[in-house]
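What follows is each chain in one-letter form.
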Amino acid sequence: MINSVNFTKRLQKIIDFYDETASSFAAKVGVQRSSISHILSGRNKPSLDFVMKVLHSYPEVDLYWLLNGKGEFPKTSLDLFETSTSQTSDVRDAISEQPALSSNPDPTAHEKAPFEKDSEIEKIVIFYKNGTFKSYKP
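Residues numbered from 1 in each chain as written. Predicted model: local features only at pLDDT ≥ 70, side-chain atom pairs only at ≥ 80, totals over all residues. Heavy atoms only, no water.

A closer look at the overall build of the chain
Counting its regular elements, the chain contains seven helices and two strands. Reading the chain from its N end, one meets helices and strands in the order α-α-α-α-α-α-α-β-β. By the burial criterion, 20% of the 138 residues in the chain qualify as buried. If you sum the accessible surface of the chain, you get close to 10400 Å²; carbon and sulfur atoms cover 55% of it. (Helix = DSSP H or I, 4+ residues; strand = E, 2+ residues; numbered from the N terminus. Buried < 20%, exposed > 50% of the residue type's maximum accessible area, 1.4 Å probe, protein only. Areas by Shrake-Rupley, 256 points an atom, 1.4 Å probe, with all protein chains shown as cover.)

Quick look at the pairing of strand S1 (residues 124-127)
Sheet analysis places S1 next to strand S2 (residues 133-136), joined by four bridges and oriented antiparallel. When the sheet's bridge partners are listed, isoleucine 126 is paired in S2 with lysine 134. In this antiparallel pair of consecutive strands, S1 and S2, the connection spans five residues, and glycine 131 shows a positive phi of 95 degrees. (Pairing = 2+ DSSP bridges.)

Considering the environment of leucine 55
Structurally, the position occupied by leucine 55 is in helix H4 (residues 48-57). Residue classification places leucine 55 among the buried positions, given a relative accessible area of 17%. The spatial distance from the C-alpha of leucine 55 to the C-alpha of valine 29 is 8.8 Å, given a sequence separation of 26 residues. Each residue touching leucine 55, except ones within four places of it in the same chain, is listed here: Val61, Asp62, Leu63 and Leu66. (Contact = heavy atoms within 4.5 Å.)

Set out below in structure tokens:
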């Protein structure tokens, strides 16, 4: 069970850490300003949807820290790196398991290819079955 008083203190700590106002925080998270006000005043308890929006908007916020104060805020850069590295290796494994493309005798096939051998990766987006996603930039 979430202790609402302590949750609001941690939420206020996030808002202060990023030097946000309640309005700018609400806009970035994607909720109404009144929702933030009601949670901070203790009138309403945070919904799961609200918590997930905070985590999505602020990846440095640890779920367990936000909900029950265990862990640390902000996540250390090592924690973020380890998460990113493990997910990157999962992507590499998935790519290496793909069957090799067959050679195409069509001389214009390189124009139809989705990428060139010499091109650089701009962004990798991973979609999860639960509807969430993460994007990474090298």
